[in-house]
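# A closer look at the structure
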Amino acid sequence: MNKELLMCDAENFRIDYVINPYMHTGRQPDRPAALAEHEVIAKTHAAAGRTVRFITSAPECPDMVYTANGALVAGGRAVLGAPPAPRRPEIPYVRAWLTEQGYEVHDAPYAFSGQGDALVCGPFLLAGHGQRTDRRMHAVLAGLFGYEVVPLRTADERWYDLDLAVGVIDARTVAYCPQALEPESAARLRGLGLDLIEVTPQEAALFALNLVSDGTTVTMTTGTPRFAAELRARGLEVAELDTTELRKGGGGVRCTALTLDNAAPDART
Ligand code: ARG
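Let us look at the structure shown here. (Residues numbered from 1 in each chain as written. Predicted model: local features only at pLDDT ≥ 70, side-chain atom pairs only at ≥ 80, totals over all residues. Heavy atoms only, no water.)

### As for the sheet that holds strand E3 (residues 71-74)
Strand order in the open sheet formed by three strands is E3-E4-E5, and the pairing between neighbours is mixed. This sheet does not close on itself; its edge strands, each paired only once, are E3 and strand E5 (104-106). Along the sheet, successive strands turn relative to each other by an average axial angle of 15°, direction set aside. Across the sheet, helix H2 (residues 91-100) is in contact with E3, strand E4 (77-80) and E5; its angle to E4 comes to roughly 175°. Sheet strands in contact with helix H3 (residues 137-145) are E3, E4 and E5, and its direction is about 165° off that of E4. (Pairing = 2+ DSSP bridges. Helix = DSSP H or I, 4+ residues; strand = E, 2+ residues; numbered from the N terminus. Axes fitted to C-alpha atoms, helices over the stretch in contact; angles between N-to-C directions. Contact = heavy atoms within 4.5 Å.)

This is how it looks when you write it as structure tokens:
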């Protein structure tokens, strides 16, 4: 997994509105720094042997660099995101790209944060709700993809997407911040029989969990050395990258990469 990713250039990345607690219109990205930071992330994916495809950003879509929210893609199918109003103009572009590539594309009938709230982990789909995703989406996703959906509710708006509270390392290993999930959800995650790694709320607030892992290499932010060391101690390659500019929009490494090669469970065996 995570050997084929969809990214979007950062040419039009700005903070035009505020839809999460990390965004401030008075704190704009530094354009050259943002472009450079984004390019390093894309090149690091490529260096890890991942194929990076690109969608072209649209001037009226300042958050389009965060491709993770555009859809959930698995086994040749895609369900488009249904984001907060300011981000809705992105969706027709995502639809057009996925359709052109031959994916069977479905609309989300309810609010849905795309992969931001839908992380594949082996047979499970770790599925966020309560912030940007309507819980009714879980049945839609289960029906279309066949995963065992594990509903996880995040504790508050700092974790407006599940990919800030949970990071999938491989099909059996998940890193998470217990305090970023509601207690029942944390208990549910602990009951799955996965190998779990814990991070602190401070580490999670630095977007430590907003990582891309293919099971061999973990691509993540700088600033959380304890967690990075723990991953290395498990034998993983870890690339720690600056995410200063992306952070201004409330996102990190995971948010900028929509996974295209999630295996649907029926396609597995
Ligand atoms: N500014 C964007 C938003 O609030 C950031 C999205 C980050 N994406 C993510 N998967 N967490 O929608």
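### Considerations on the side chain of Thr221
Mapped onto the fold, Thr221 is located in strand E13 (residues 217-221). Engagement of the side chain of Thr221 in a polar contact is seen with the side chain of Thr243, the distance being 2.7 Å. Within the structure, Thr221 has its side chain in polar contact with the side chain of Arg247 (distance 3.3 Å). The contact partners of Thr221, leaving out residues within four places of it in the chain, are Leu206, Phe207, Ala208, Glu240, Leu241, Thr243, Arg247 and Val253. (Polar contact = N/O pair within 3.5 Å; in protein donor to acceptor, adjacent residues only side chain to side chain.)

### As for the packing of aromatic side chains
Scanning the model with the defined rule gives four aromatic pairs in all. Ring centres 5.8 Å apart and planes at 90° place the aromatic pair Phe13 and Tyr66 in the edge-to-face group. With Phe13 in the loop between strand E1 (4-8) and helix H1 (31-47) and Tyr66 in the loop between strand E2 (51-55) and E3, the pair connects residues that are 53 residues apart, well separated along the chain. Exposure remark for Tyr66: the relative accessible area of 3% places this residue in the buried category. (Phe/Tyr/Trp six-rings, centres within 6.5 Å; stacked < 30°, edge-to-face > 60°. Buried < 20%, exposed > 50% of the residue type's maximum accessible area, 1.4 Å probe, protein only.)

### As for the sheet that holds strand E9 (residues 166-170)
As summarised here, the arrangement of the three strands in space is E9-E10-E11, forming an open sheet in which the pairing is mixed. Edge positions in the open sheet fall to E9 and strand E11 (195-198), since each of these has one partner strand only. Taking each pair of neighbouring strands and ignoring which way they run, the sheet shows an average axis angle of 25°. Direction of pairing for strand E10 (residues 173-176) relative to E11: parallel, over a ladder of four bridges. Each bridged residue has a counterpart across the sheet, and for Thr173 the counterpart in E11 is Asp195. Across the sheet, helix H4 (residues 183-190) is in contact with E9, E10 and E11; its angle to E10 comes to roughly 160°.

### Details of the environment of Val18
One can find Val18 in the loop between E1 and H1. C-alpha of Val18 to C-alpha of Arg247: the two residues are 229 residues apart in sequence and 13 Å apart in space.

### Some thoughts on H2
Those residues of H2 not exposed but buried are Ile91, Val94, Trp97 and Leu98. The buried residues of H2 occupy an angular sector of 125° when the element is viewed end-on, so they sit on one face. Where H2 is buried, its residues contact E1, E2, E3, E4 and E5. Backbone geometry just downstream of H2 places Gly102 in the positive-phi region, at approximately 95°. (Arc of directions from axis to C-beta.)

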